[in-house]
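Next come the chains, spelled out residue by residue.
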Amino acid sequence: MMPPRVRPDFEADERTQLVGWLAMQRALVHWKCEGLSEQDAHRSVLPDSPLMTMAGLVSHLRWTEHLWFEVLFLGRDSSTNPQFDESVEDADMRVDGVPLAQLLEEYGRQCAISDEIVADHSLETEIGRAHV
């Protein structure tokens, strides 16, 4: 199911604004992928950058959510995140054979985890201090 693309109320408080705009940007990712064939989702859009595909971008965004909210903010384990695999360049964008629907589902689940983390913390909580 595609997340709704809803702009937050311009008269809202800071948290509502930040969470609302982030939710809308995440929903735009799903919208831009709507109707893409697997072939198109895995087709490079830049001639000199074969990993720059819509599928690769969705994977990258998923792992970036994990990086910022779980690893850096909460200090959780980074070993599952391919962004930390220094033996493989751009490991988080290597998605050959992974269906776009699966990548979007994983991205959605990661965003839900990020949303829970945001809801559980004050806007003043510093990165790296949320788990102390």
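Residues numbered from 1 in each chain as written. Predicted model: local features only at pLDDT ≥ 70, side-chain atom pairs only at ≥ 80, totals over all residues. Heavy atoms only, no water.

A.B. asks: Before we move on, can you summarise the overall build of the chain with the specific residues and values?
C.D. replies: Scanning the chain from N- to C-terminus turns up four helices and zero strands. For the chain, the α and β elements follow one another from N to C terminus as α-α-α-α. Out of the 132 residues belonging to the chain, those deemed buried represent 33%. For the chain, the exposed area adds up to about 8,600 Å²; of that, 54% sits on carbon and sulfur atoms. Taking the average location of the 11 positive side-chain charges in the chain and that of its 24 negative ones, the two points are 3 Å from each other. (Helix = DSSP H or I, 4+ residues; strand = E, 2+ residues; numbered from the N terminus. Buried < 20%, exposed > 50% of the residue type's maximum accessible area, 1.4 Å probe, protein only. Areas by Shrake-Rupley, 256 points an atom, 1.4 Å probe, with all protein chains shown as cover. Lys, Arg positive; Asp, Glu negative; His and termini not counted. Charge placed at Lys NZ, Arg CZ, Asp CG, Glu CD.)

A.B. asks: Outline the environment of histidine 60, listing residues and values.
C.D. replies: Mapped onto the elements, histidine 60 comes out in helix α3 (residues 54-73). Classification of histidine 60 as partly exposed rests on a relative accessible area of 27%. In this structure, the C-alpha to C-alpha distance between histidine 60 and tyrosine 107, residues 47 residues apart in sequence, is 9.1 Å. Discounting residues that sit within four places of it in the chain, histidine 60 has contacts with Gln83, Asp92 and Met93. (Contact = heavy atoms within 4.5 Å.)

A.B. asks: Talk me through the state of the cysteines; I want residue IDs and the actual numbers.
C.D. replies: One pass over the structure, following the stated rule, counts zero disulfides. In this model cysteine 33 remains outside any disulfide bridge; the closest cysteine sulfur is found in cysteine 111, 12 Å from its own. (Disulfide = S-S within 2.5 Å.)

A.B. asks: Describe unusual backbone geometry, listing the residues and the values that go with them.
C.D. replies: Note on backbone geometry: most residues besides glycine have negative phi, and most peptide bonds are trans. Positioned with a positive phi, aspartate 90 is a non-glycine residue whose angle comes to about 55°. Structurally, aspartate 90 can be placed in the loop between α3 and α4 (100-119). Assessed through its relative accessible area of 39%, aspartate 90 is described here as partly exposed.

A.B. asks: A description of the pattern of salt bridges should follow, citing residues and the corresponding values.
C.D. replies: Summed over all chains, the structure comprises five salt bridges. The shortest N-O distance in the salt bridge between glutamate 65 and arginine 26 comes to 2.9 Å. Taken together, the residues span a long stretch of sequence, with glutamate 65 in helix α3 and arginine 26 in helix α1 (residues 14-33) at a distance of 39 residues. Given the relative accessible area of 6%, arginine 26 is considered buried. Between arginine 26 and aspartate 115 there is a salt bridge, with its nearest N and O atoms 2.5 Å apart. Pair noted here: arginine 26 is in helix α1 and aspartate 115 is in helix α4, with a separation of 89 residues, a long-range link. Residue aspartate 115 is classed as partly exposed on the basis of its relative accessible area of 35%. Salt bridges here are not isolated pairs; linked through shared partners, they connect Arg26, Glu65 and Asp115. (Salt bridge = Lys/Arg side-chain N within 4 Å of Asp/Glu carboxyl O.)

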